[in-house]
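Coordinates in review
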Amino acid sequence: MMKTILITGGAGFIGSHVVRRFVRNYPQYKIVNLDKLTYAGNLANLKDIEKEPNYEFIRADIVAAELIKKIFQKYRFDGVIHLAAESHVDRSIANPTEFIYTNIVGTVNLLNAAREIWDNMDGKRFYHISTDEVYGSLGETGLFVETTPYDPRSPYSASKASSDHLVRAYFHTYKLPMVISNCSNNYGPFQFPEKLIPLVINNIRNNKLIPVYGKGENIRDWLYVEDHAEAIDRIFHAGINGETYNIGGINEWKNIDLLKLLCSIMDTKLRRTAGTAEHLITYVKDRAGHDLRYAIDSSKLQNELKWKPSTRFEEGLEKTVDWYLANEEWMKNITSGDYQKYYDNQYNKR
Ligand code: NAD
Ligand code: DAU
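This structure is a prediction, so every number in the text was calculated from the model and none was measured.

1. Observations concerning the site of ligand 1
Near ligand 1, the surroundings consist of 28 residues, among which Ile14, Asp35, Ser87, Tyr156 and Lys160 are the closest. With respect to ligand 1, the backbone of Phe13 contributes an N or O atom lying 3.0 Å from an oxygen atom. One nitrogen or oxygen atom from the main chain of Thr38 is found 3.0 Å from an oxygen atom belonging to ligand 1. Against a free-state accessible area of 830 Å², the protein chains account for coverage of 97% of ligand 1. Looking at the shell around ligand 1, the elements with two or more residues in it are helix H1 (13-25), strand E5 (125-131), helix H5 (155-174) and strand E7 (185-187). Here the shell around ligand 1 takes three residues from E5, the largest share from any one element. By residue class, the composition of the shell around ligand 1 is 13 nonpolar, eleven polar and four charged.

Here's what the structure looks like:
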């Protein structure tokens, strides 16, 4: 049977990989990508699939409740994969309000619209994509599990935590069929260069400084974006309603160690003398409330749904560098306009 699936935020980094995977792997689905095209949304991320017969794009803001209801009434979606969000922690520190509107109010608007059209909930599913940052910050040891109490510490993570609670509340109150996944740091092609890895690749390419917050000792668990898209596919199709699944890379790196590895890959790729990029490392003022460590235990997903990350970090990082170096035009387009203003604001203050 033909199903119509709504993917929100499909013009962003992770969303574009999810849209591509679903359009290609599921010709029996019609995939509708709904995106506001903020600074982070970019239709160039989907050039290769935009003409596929089972793909459609709608430009819309999830905060516009009436418009969202009309879109749901028109398309009668069978499933929703909700990725649209304001996603950058530093931006949430500078201006939290937009995060409240999009991440909380926008999510509630989608939940209300789904509830309204789904008289019969059989076979329907609302899948909310979330982050490991809702669990707060770890010390030297331990891992986040699905039952770790929420302790969000930035406006971004507080807004995501709030939307997670609302999605669960709609399951318990209205029996809205939902699943949630909380994932660690993604990297790979099409990531906006405000996030650490693409920002640093772009800076090294242009001989600009590599800004390391604080002492560079914070730890993140990195996952290749296509492995995340595969996990999302698995959870959407086989997850149990009402459940939460943690997704992680089993791949913890101290920021400074990751940056040194990236520097050495970049020196090789750019045929520069070993050590050239490392000279660009500059310690700058720390992020306010900077969480020390995130690390995910994804054994529930591995055991119950048989997913595990398949891309080794060194391999994924090299593929990522190759992609950015081969797509300078994409980077130029994205860093023209307001990007320079954002960059100067962020980094001149540090
Ligand atoms: P991104 O910033 O690259 O993309 C977000 C997309 O949402 C953009 O296309 C943007 O135009 C769209 N959008 C923003 N506000 C909107 C609105 N009001 N209405 C409609 N569309 C809107 O984000 P990403 O890094 O791809 O993250 C996607 C999702 O995954 C987010 O929900 C994020 O919280 C979550 N997540 C991200 C990571 C990560 O490492 N990037 C890790 C775990 C979870
Ligand atoms: O853990 C999942 C989260 O990962 C997602 O929910 C977020 O959407 C995503 O942005 C990401 O959040 P982080 O804050 O961990 O990612 P970011 O790339 O901004 O930073 C990664 C680490 O690098 C963090 O410890 C801060 C540090 N950093 C970041 C930048 C941009 C620097 O040292 N220098 C920088 O210039």
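2. Brief notes about the sheet that holds strand E6 (residues 178-183)
Ordered by their spatial adjacency, seven strands build an open sheet running E3-E2-E1-E4-E5-E6-E10, and the pairing between neighbours is parallel. Either end of the sheet is taken by a strand with one partner, and the two such strands are strand E3 (55-59) and strand E10 (244-247). Strand-to-strand twist of the sheet, defined as the mean angle between neighbouring strand axes without regard to direction, takes the value 20 degrees. The sheet contact formed by strand E1 (residues 3-8) and strand E4 (residues 79-82) spans four bridges and is parallel. Opposite Thr8, over in E4, you have His82 as the bridge partner. On the sheet, H1 packs against E1, strand E2 (29-35), E3 and E4 and is oriented at approximately 160 degrees with respect to E2. In the packing of helix H4 (residues 97-117) onto the sheet, contacts are made with E1, E4 and E5, and the angle to E5 comes to roughly 165 degrees.

3. Describing the nonpolar core
In this structure, Ile197, Ile204, Ile210, Phe313 and Leu317 are the most contacted members of the largest nonpolar core, which totals 40 residues. Looking at this core, the elements with two or more residues in it are helix H6 (196-205), strand E8 (210-213), strand E9 (219-224), helix H8 (255-269), strand E12 (281-284), helix H10 (313-326), helix H11 (328-334) and helix H12 (339-348). Look past the residues within four positions of Ile204 in its chain and what remains in contact with it is Ile210, Cys263, Met266, Leu270, Arg272, Ala277 and Leu280. If you look at the next biggest cluster of nonpolar residues, it comprises 29 residues, including Leu46, Ile232, Ile247 and Leu301.

4. Thoughts on the pattern of salt bridges
Evaluation of the coordinates by the stated rule reveals 21 salt bridges. In this structure, the salt-bridge partner of Glu328 is Arg205, at a minimum N-O distance of 3.0 Å. A residue pair is termed long-range when its members are at least 10 positions apart, and Glu328 in helix H11 and Arg205 in helix H6 qualify at 123 residues. Between Lys269 and Glu318 there is a salt bridge, with the nearest N and O atoms lying 3.1 Å from each other. In this pair, Lys269 is assigned in helix H8 and Glu318 in helix H10, connecting sequence segments 49 residues apart. The exposure class assigned to Lys269 is partly exposed, which follows from its relative accessible area of 29%. Here the salt bridges share partners, and the residues they tie into one network are Arg20, Arg24 and Asp48.

5. Some words on the sheet that holds E7
One open sheet accounts for three strands, arranged E7-E9-E11; its pairing is mixed. A single partner strand is all that each edge strand has here, and the edge strands are E7 and strand E11 (252-254). Averaged over all adjacent pairs, the angle separating strand axes in this sheet is 50 degrees, with direction ignored. By the bridge criterion, three bridges tie E7 to E9 in an arrangement that is parallel. When the bridges of E9 are listed, Asn185 appears paired with Trp222. Contacting E7 and E9, helix H7 (residues 225-238) crosses the sheet at an angle of about 70 degrees to E9.

What counts, and at which threshold
- Residues numbered from 1 in each chain as written.
- Chains lettered and ligands numbered in written order.
- Predicted model: local features only at pLDDT ≥ 70, side-chain atom pairs only at ≥ 80, totals over all residues.
- Heavy atoms only, no water.
- Near = heavy atom within 4 Å.
- Polar contact = N/O pair within 3.5 Å; in protein donor to acceptor, adjacent residues only side chain to side chain.
- Areas by Shrake-Rupley, 256 points an atom, 1.4 Å probe, with all protein chains shown as cover.
- Helix = DSSP H or I, 4+ residues; strand = E, 2+ residues; numbered from the N terminus.
- Nonpolar A, V, L, I, M, F, W, Y, C, P; charged D, E, K, R; others polar.
- Pairing = 2+ DSSP bridges.
- Axes fitted to C-alpha atoms, helices over the stretch in contact; angles between N-to-C directions.
- Contact = heavy atoms within 4.5 Å.
- Core = buried A, V, L, I, M, F, W, Y, C linked by side-chain atoms within 4.5 Å.
- Buried < 20%, exposed > 50% of the residue type's maximum accessible area, 1.4 Å probe, protein only.
- Salt bridge = Lys/Arg side-chain N within 4 Å of Asp/Glu carboxyl O.

As far as function goes, none of this settles anything; it's purely spatial.
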